[in-house]
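Next come the chains, spelled out residue by residue.
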Amino acid sequence: MLHFGMRPPFSLSKFKELCRGLIPEKDLEVIGFALQKEIRYYKEMPYVLKEWVTFDTTLRNELAKIRAGHRKEDPSRYTRESGHVEISLMHIASNAARNPSLLEAERMLDTERWRKLEELSSGHYFDLEILVIYALKLGILERWENIRSADKTRLIEETLQAAF
């Protein structure tokens, strides 16, 4: 079991390695596809992955609209087709954008992503969908582990040097 905020038990690459030989190669490709930075729809995508892509694209679109509004730019340049509108995502994106702490804003967004993955996992136990959800959750945990273990002093120095 994975819980938001915990250290990942192993890396995504280790997870895929553990799956190799235990599940069909086609399913391993789906897991790899789910972990791409820019996920696009394709015909044989499992239902939970379609739902995830729709959710994540809609959330990112809401954030893009807010950021474009701050710059007084046309948001359509930054949004992708999701075919979905969810009022709660507008509120989540708005609350995150108003948060003065970028780190806390990201935590709010990832908490919501985690909640959605929990919702999608309902009724799935030993199937491809639960492996996809596990991989996506592991990706979130791995990202936060990278944030936790980052050399913050070096990052601040690089940021300050770039600013001046």
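Our structure is the block above this text.
Residues numbered from 1 in each chain as written. Predicted model: local features only at pLDDT ≥ 70, side-chain atom pairs only at ≥ 80, totals over all residues. Heavy atoms only, no water.

Student: Is there a simple way to think about the overall build of the protein in this case?
Tutor: In terms of helices and strands, the protein carries seven helices and zero strands. Reading the protein from its N terminus to its C terminus gives the helix and strand order α-α-α-α-α-α-α. Of all 164 residues assigned to the protein, the portion counted as buried reaches 36%. Restricting to contacts in the protein with at least 6 residues of sequence separation, those with at least 24 account for 64%. (Helix = DSSP H or I, 4+ residues; strand = E, 2+ residues; numbered from the N terminus. Buried < 20%, exposed > 50% of the residue type's maximum accessible area, 1.4 Å probe, protein only. Contact = heavy atoms within 4.5 Å.)

Student: How do you make sense of the nonpolar core when you look at a structure like this?
Tutor: Counting residues in each nonpolar core, the largest one holds 36 residues, and the members touching the most others are Ile31, Leu49, Trp52, Leu59, Val132 and Leu136. Secondary-structure elements contributing two or more residues to this core are helix H1 (12-19), helix H2 (25-34), helix H3 (47-71), helix H4 (87-98), helix H5 (102-121) and helix H6 (128-149). At nine residues, H6 tops the list of elements feeding residues into this core. Non-local contacts of leucine 59, meaning those with residues more than four positions away in its chain, are made with Leu89, Ile92, Ala93, Leu109 and Arg113. (Core = buried A, V, L, I, M, F, W, Y, C linked by side-chain atoms within 4.5 Å.)

Student: Help me understand the environment of arginine 107, please; the structure alone is not making it clear to me.
Tutor: Among the structural elements, arginine 107 can be located in helix H5. For arginine 107, a relative accessible area of 31% puts it in the partly exposed group. Linking arginine 107 and alanine 96, residues eleven residues apart in sequence, is a C-alpha distance of 8.8 Å. For arginine 107, the residues in contact, after removing those within four places along its chain, are Phe4 and Trp144.

Student: Honestly, H3 in this entry has me stumped. Any pointers?
Tutor: An α-helical segment advances 3.6 residues per turn. Residues three or four places apart therefore align on the same side. For H3, which comprises 25 residues, the first-to-last C-alpha distance of 36 Å matches the rise-based estimate of 36 Å (1.5 Å per residue) to within 8%. Directly beyond the C-terminal end of H3, a positive phi value near 60 degrees is found at lysine 72. (Expected span 1.5 Å × (residues − 1).)

Student: For this particular structure, what's the right way to read the pattern of salt bridges?
Tutor: Pairing between side chains of opposite charge can happen when the charged atoms of each approach one another. The tally for this structure, following the rule as stated, stands at 16 salt bridges. Salt-bridge contacts for glutamate 17 lead to lysine 14; the nearest nitrogen and oxygen are separated by 3.8 Å. With glutamate 17 and lysine 14 both in helix H1 and three residues apart, this pair spans about one turn of that helix. The residue lysine 137 makes a salt bridge to glutamate 118 at a minimum N-O spacing of 2.2 Å. With lysine 137 in helix H6 and glutamate 118 in helix H5, this pair connects stretches of sequence that are 19 residues apart. Under the relative-accessibility criterion, glutamate 118 is labelled partly exposed at 35%. One connected set of salt bridges, linked through shared partners, spans Asp56, Arg60, Glu106, Asp110, Arg113 and Arg143. (Salt bridge = Lys/Arg side-chain N within 4 Å of Asp/Glu carboxyl O.)

Student: What should I look at first to understand a nonpolar patch on the surface in this one?
Tutor: A contiguous nonpolar surface patch, about 280 Å² in accessible area, is contributed by Val85, Ile87 and Met90. Counting through the fold element by element, methionine 90 comes out in helix H4. (Patch = residues over 30% accessible without salt bridge, like charges linked within 9 Å, V, L, I, M, F, W, Y side chains within 5 Å. Areas by Shrake-Rupley, 256 points an atom, 1.4 Å probe, with all protein chains shown as cover.)

Student: Explain the packing of H3 against H6 here, please?
Tutor: Two numbers describe a pair of packed helices, the interaxial angle and the distance between the axes. Running from N to C, H3 and H6 point in directions that differ by 35 degrees, and their axes come no closer than 8 Å. Only Glu129, Val132, Ile133 and Leu136 of H6 make contact with H3, whose side of the interface consists of Val48, Leu49 and Trp52. (Axes fitted to C-alpha atoms, helices over the stretch in contact; angles between N-to-C directions.)

Student: Sorry, what's going on with the side chain of aspartate 110 here?
Tutor: With respect to the helices and strands, the residue aspartate 110 is situated in helix H5. For aspartate 110, a relative accessible area of 3% puts it in the buried group. A polar side-chain atom of aspartate 110 sits 2.6 Å from a polar atom in the side chain of tryptophan 144. When near neighbours in sequence (up to four residues on either side) are disregarded, aspartate 110 contacts Phe4, Ile140, Arg143 and Trp144. (Polar contact = N/O pair within 3.5 Å; in protein donor to acceptor, adjacent residues only side chain to side chain.)

Student: Hey, could you run me through the packing of H1 against H2 in this one?
Tutor: Across the interface, H1 lies against H2 with an axial gap of 10 Å and an inter-helix angle of 170 degrees. Classified by the interaxial angle, the pair formed by H1 and H2 is roughly antiparallel. As for the relative orientation of H1 and H2, their crossing is right-handed in sense. Where H1 abuts H2, its residues Phe15, Lys16 and Cys19 lie against Leu28, Ile31 and Gly32. (Parallel < 35°, antiparallel > 145°, perpendicular 65-115°, else oblique. Left-handed = near helix turned anticlockwise from the far one by under 90°.)

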